[in-house]
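So you can see what is in the structure, the chains are spelled out below.
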Amino acid sequence: MNLQLKQRHVLPGFGLSMGFTVLYLSLIVLLPLCTLFFKSSSMGWNHFIEAVSSPRVVASYKLSFGASLIGALINALFGLVAAWVLVRYSFPGKRLVDAIVDLPFALPTAVAGIALTAIYAPNGWIGRWLAPLHIQAAYTRLGVLIALTFIGLPFVVRTIQPVLEEMDPDIEEAAASLGASRWQTISRVILPTLWPAWLTGFALAFARSLGEYGSVVFISGNMPMKTEITPLLIITKLEQYDYAGATAIASVMLLSSFALLLIINVMQTRTAQLRSAR
């Protein structure tokens, strides 16, 4: 007689656990999102197009998406360098630097916005050095970029760092012993391994920047058609009791985030397939 031992799990069986999972996600995520689209549909297609394509709204799209993309690219580059230094090197104050990386996570966004504004204002610590160079950071698009770069850095570092910790440094020495140059080692050994995590960190930083409000609203100056971001425009419409217009703009941002996540997942899947085929 063959006795099959049933593996014991701490949590309940799949059916019950899956039911709790679907119920939780439905109440916390799906229901609010469905309500958002339902409210937007109440205004009619023509009014919807008019609400999401007015010149002021389009200008806020360009600033939000453009600054978020540039900030995410900057974080993708320097976040990789920061993660590499924290993993590969030992130096005095390493734990302090590692803790500072998480500061944008712990710091309230409004506090971050006030601090950045005070620092980059014309009379601030850094702004006073930029003024003679005719560079104004606060209350400009540059200030928006600085704020979005600030809040997006931890996503890249914390996504890449665990992968680097699991990567054996011996593979770099093996590549060098086989005659590979530093660039060949980076491009053919290190980056292919880091690519999925790197892409995920970039996507998280970009998505986080798209919805950022607190740290940007102070340093941007909030000038329509110039430094007004889309989340601020949504808040403005809510204050004017234009709920349909606010949800219409929010729906566009939500669909854009979904499209971004879909593209990232497709790229990660294809990368994994190419790696497994080699």
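Residues numbered from 1 in each chain as written. Predicted model: local features only at pLDDT ≥ 70, side-chain atom pairs only at ≥ 80, totals over all residues. Heavy atoms only, no water.

(A) Representation of the pattern of salt bridges in the model. Inspection of the entire model under this criterion finds five salt bridges. Between glutamate 228 and arginine 56 there is a salt bridge whose closest N-O contact spans 2.7 Å. Taken as a pair, glutamate 228 in the loop between helix 11 (214–217) and helix 12 (230–239) and arginine 56 in helix 3 (residues 55–88) lie far apart in primary sequence, 172 residues in all. By relative accessible area, which is 4% here, glutamate 228 ends up buried. Close ionic contact of glutamate 212 with arginine 208 constitutes a salt bridge, the shortest N to O distance being 2.3 Å. (Salt bridge = Lys/Arg side-chain N within 4 Å of Asp/Glu carboxyl O. Helix = DSSP H or I, 4+ residues; strand = E, 2+ residues; numbered from the N terminus. Buried < 20%, exposed > 50% of the residue type's maximum accessible area, 1.4 Å probe, protein only.)

(B) View of the environment of valine 156. Along the polypeptide, valine 156 turns up in helix 8 (residues 141–166). For valine 156, a relative accessible area of 0% corresponds to the buried category. The sequence separation of valine 156 and leucine 77 amounts to 79 residues, and the corresponding C-alpha distance is 9.0 Å. Here valine 156 is in contact with Asn75, Ala76, Gly79, Leu80, Trp198, Gly201, Phe202 and Ala205, once residues within four sequence places are set aside. (Contact = heavy atoms within 4.5 Å.)

(C) Looking closely at the side chain of serine 251. You can see serine 251 is positioned in helix 13 (residues 243–277). Discounting residues that sit within four places of it in the chain, serine 251 has contacts with Leu36, Phe37 and Ser40.

(D) Summary view of the side chain of threonine 159. Looking at where threonine 159 falls in the secondary structure, it is placed in helix 8. Separated by 2.4 Å, the side chain of threonine 159 and the backbone oxygen of phenylalanine 155 make a polar contact. With residues up to four places along the chain from it excluded, the contact list for threonine 159 reads Ala197, Thr200, Gly201 and Leu204. (Polar contact = N/O pair within 3.5 Å; in protein donor to acceptor, adjacent residues only side chain to side chain.)

(E) Molecular detail of helix 3. Taking 1.5 Å per residue, 34 residues should reach 50 Å; helix 3 reaches 49 Å between its end C-alpha atoms and fits that length. By the largest-angle criterion, phenylalanine 78 marks the main kink of helix 3, which is about 25 degrees. (Expected span 1.5 Å × (residues − 1). Bend = angle between axes of the 7 residues up to and from the residue.)

(F) Quick look at the environment of glycine 221. By the secondary structure assignment, glycine 221 is in the loop between helix 11 and helix 12. Note on glycine 221: relative accessible area 32%, which makes it partly exposed. Sequence separation between glycine 221 and alanine 244 is 23 residues, and the spatial gap between their C-alpha atoms is 26 Å. Setting aside chain neighbours within four positions, we find glycine 221 in contact with Tyr139 and Thr227.

(G) Structural context of the environment of serine 60. Along the chain, serine 60 falls in helix 3. Residue class for serine 60 comes out buried when judged on its relative accessible area of 1%. Put simply, serine 60 and valine 85 are 25 residues apart on the chain and 36 Å apart in space, counted from C-alpha to C-alpha. Among residues more than four places away in sequence, those in contact with serine 60 are Glu228, Ile229, Thr230 and Leu233. Among the polar contacts made by the side chain of serine 60, one reaches the main-chain carbonyl oxygen of valine 57 at a distance of 2.6 Å.

(H) A look at the packing of aromatic side chains. Tallied over the full model, the rule gives six aromatic pairs. Taking 5.0 Å as the distance between ring centres and 90 degrees as the angle between the ring planes, the aromatic pair formed by phenylalanine 105 and phenylalanine 155 counts as edge-to-face. Here the residue phenylalanine 105 occupies a position in helix 5 (residues 103–106), and phenylalanine 155 occupies one in helix 8, the gap between them amounting to 50 residues. Of the residues examined, phenylalanine 105 reaches a relative accessible area of 42% and is grouped as partly exposed. (Phe/Tyr/Trp six-rings, centres within 6.5 Å; stacked < 30°, edge-to-face > 60°.)

(I) Examining the nonpolar core more closely. Within the largest apolar cluster, 39 residues are counted, with the highest numbers of intra-cluster contacts made by Ile160 and Leu194. Going through the elements one at a time, helix 2 (45–52), helix 3, helix 8, helix 10 (182–210), helix 12 and helix 13 are the ones with two or more residues in this core. Setting aside its immediate chain neighbours within four residues, leucine 194 contacts Leu80, Ile160, Val163, Leu164 and Met167. One finds Ile146, Val216, Val217 and Ile219 within the second-largest nonpolar core, a separate group that totals 16 residues. (Core = buried A, V, L, I, M, F, W, Y, C linked by side-chain atoms within 4.5 Å.)

(J) Looking closely at unusual backbone geometry. Positive phi, normally seen in glycine, also occurs at histidine 134, with a value near 60 degrees. Here histidine 134 lies in the loop between helix 7 (127–130) and helix 8. On the accessibility criterion, histidine 134 (77% relative accessible area) is exposed. Positioned with a positive phi, asparagine 222 is a non-glycine residue whose angle comes to about 55 degrees. Tracing the backbone through its elements, the reader meets asparagine 222 in the loop between helix 11 and helix 12. Its relative accessible area of 28% is what places asparagine 222 among the partly exposed residues.

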